[in-house]
2 protein chains.
Amino acid sequence: MDYFSGRISDLIEQLGSLPGIGRKTAQRLAFHIVSMPEEKVKKLSDVLIETRRNVRYCRECCTLTDAELCPICSSPKRDKRVIMVVETPRDLAAYEKTGKFTGVYHVLHGAISPMLGIGPDDIRLKELMRRLEGDVQEVIIATNSSLEGETTAMYISRLIKPTGIRVTRIASGVPVGGDLENIDEVTLLRALEGRTQL
Amino acid sequence: MDYFSGRISDLIEQLGSLPGIGRKTAQRLAFHIVSMPEEKVKKLSDVLIETRRNVRYCRECCTLTDAELCPICSSPKRDKRVIMVVETPRDLAAYEKTGKFTGVYHVLHGAISPMLGIGPDDIRLKELMRRLEGDVQEVIIATNSSLEGETTAMYISRLIKPTGIRVTRIASGVPVGGDLENIDEVTLLRALEGRTQL
């Protein structure tokens, strides 16, 4: 990369170290950035460091936020008695986009994975259990439909059951618009097992 | 996006306004960035603004650099008598990766496009012509194989021919490893026209 000057190479290298940004994208981004108005780059640079500096876990749901409570936990419109458990803030975002869920969330920041050495103490489970001491009617487990997600769902449901709180799991099956012939066998079997009466 | 806090939403929005970064990638990047060590984010933030502030055109070849001369133009190993004309610094990078070109470059920063209202004066052509007053033996035109790239190549070759300097154009044809049945007809015809004796 010595054909670019030191600073541009630096920028390309740093952008390229971000997840999902390959060498070519990093180059395209770098050249776009150096041709942006300086004040826009200043703004981007500032928001990066400002956001990082001020980010913290929401006191209630553990999502990433810059206040003590995230916008959802501090909203009076949300039903605090229904908690949806997700693995990441991005999963929270995915469900928020549906606009239909009126409860609150709990973000685990990961899933139990014996393979990767991630145990129940490495995700925000204690914080979830503490919340259940309040007035909670239902915990909807919306961890991923992967081995780790399923393991985590199982573990949490066993942990909660003795408290008498209703524990549910989001359905697993064929995605809407999905073409049966392109769907893997495990999903097809799940869809079959989870069939409902019409 | 009000389900994320203000700063995180800001960051996602700003990342999402970069070329090739969609909403989901922006989200993934933002959450990755807020979980990075603060000093790494500081470094990224600094390199962004520092690079932007110090970037300029190389006095010779017009590529983007942070010194008066880019590393290629200031290298004693490069043959200044052979100039390859490219549209962007990324095209320069593509040829540098081959490791085989020992001449120097000239970066036009665009191509002539009547459609987009980009004329010969809007790209770095005057700078190229000025360079030809020195000791130049060959100008290799490596603009893209698009309508704009071809128009630009044609325009430049007509401009240079009266000077007696050799003007060449990189070959157009079937890419190496390319599967004939998947290649568009224009390329196939070009490959036929450009056939060479075996």
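Just above, that's the structure.
Everything quoted here is computed from the prediction, not taken from an experiment.

Caption draft 1: Structural context of the nonpolar core. If you look at the biggest cluster of nonpolar residues, it comprises 106 residues, and the most contacted ones within it are Leu15(A) and Leu15(B). Leu15(A) has contacts with Ile21(A), Ala26(A), Leu29(A), Ala30(A), Ile33(A) and Leu44(B), leaving out every residue within four places of it along the chain.

Caption draft 2: View of helix 3 (residues 38-54) of chain B. Spanning 17 residues, helix 3 of chain B covers 24 Å between terminal C-alpha atoms, matching the ideal 24 Å at 1.5 Å per step. Along helix 3 of chain B, the positions that sit buried rather than exposed are Val41(B), Leu44(B), Ser45(B), Val47(B), Leu48(B), Ile49(B), Thr51(B) and Arg52(B). Buried residues along helix 3 of chain B sit against helix 1 (6-16), helix 2 (23-34) and helix 3 (38-54) of chain A together with helix 2 (23-34) of chain B.

Caption draft 3: Structural view of the pattern of salt bridges. For the structure on display, the rule yields 20 salt bridges over all chains. A salt bridge links Asp66(B) to Arg7(A), with the nearest nitrogen and oxygen atoms 3.1 Å apart. Separated into two different chains, Asp66(B) in the loop between strand 2 (64-65) and strand 3 (79-86) and Arg7(A) in helix 1 make up a pair that spans both. You can call Arg7(A) partly exposed: its relative accessible area is 30%. With a shortest N-O distance of 3.4 Å, Arg169(B) and Glu150(B) are connected by a salt bridge. Of this pair, Arg169(B) sits in strand 6 (residues 166-169) while Glu150(B) sits in helix 6 (residues 147-160); the two residues are 19 residues apart in sequence, bridging distant segments of the chain.

Caption draft 4: Representation of the sheet that holds strand 4 (residues 103-107) of chain B. All names here are of chain B. Read from one edge of the open sheet, four strands run 4-3-5-6, paired in parallel fashion. Looking along the sheet, the strands with just one partner apiece sit at the ends: strand 4 and strand 6. For this sheet, the mean angle separating the axes of adjacent strands, direction not counted, is 25°. Here five bridges tie strand 3 to strand 4, and the two strands are oriented parallel to one another. Residue pairing across strands places Asp79 opposite Gly103, the latter belonging to strand 4. Strands in contact with helix 4 (residues 89-98) are strand 3 and strand 4; relative to strand 4, the strand with the most contacts, it is inclined by about 160°. Helix 6 contacts strand 3, strand 5 (138-141) and strand 6 of the sheet and is inclined by roughly 170° relative to strand 6.

Thresholds, definitions, all that
In this numbering scheme, every chain counts its residues from 1 along its sequence in written order. Both sets of labels track the order of writing: A upward for chains, 1 upward for ligands. Residue-level local features of this predicted model are given only where pLDDT is at least 70; pairs of side-chain atoms are given and counted only at 80 or more, and the full residue set underlies all totals for whole chains, interfaces and linings. Excluded from the side-chain calculation are hydrogens and water; included are all heavy atoms of the structure. We call a set of buried Ala, Val, Leu, Ile, Met, Phe, Trp, Tyr and Cys residues a nonpolar core when their side-chain atoms join them within 4.5 Å. The classification of residues rests on relative accessible area computed with a 1.4 Å probe and restricted to protein chains. Under 20% of the type maximum is buried, over 50% is exposed, and intermediate values are partly exposed. Throughout, a contact is declared for two residues whenever any of their heavy atoms are within 4.5 Å. To qualify as a helix, a DSSP run of H or I must reach at least 4 residues; to qualify as a strand, a run of E must reach at least 2; elements of each kind are numbered from the N terminus. One fewer than the residue count of a helix, multiplied by 1.5 Å, yields its expected span. We define a salt bridge as a side-chain nitrogen of Lys or Arg found within 4 Å of a carboxyl oxygen belonging to Asp or Glu. Any two strands between which DSSP finds at least two bridges are classified as paired. Between N-to-C directions, angles cover 0 to 180 degrees, with each direction set by a line fitted to C-alpha atoms, over the stretch in contact for helices.

Any functional reading would require information that these geometric values do not contain.
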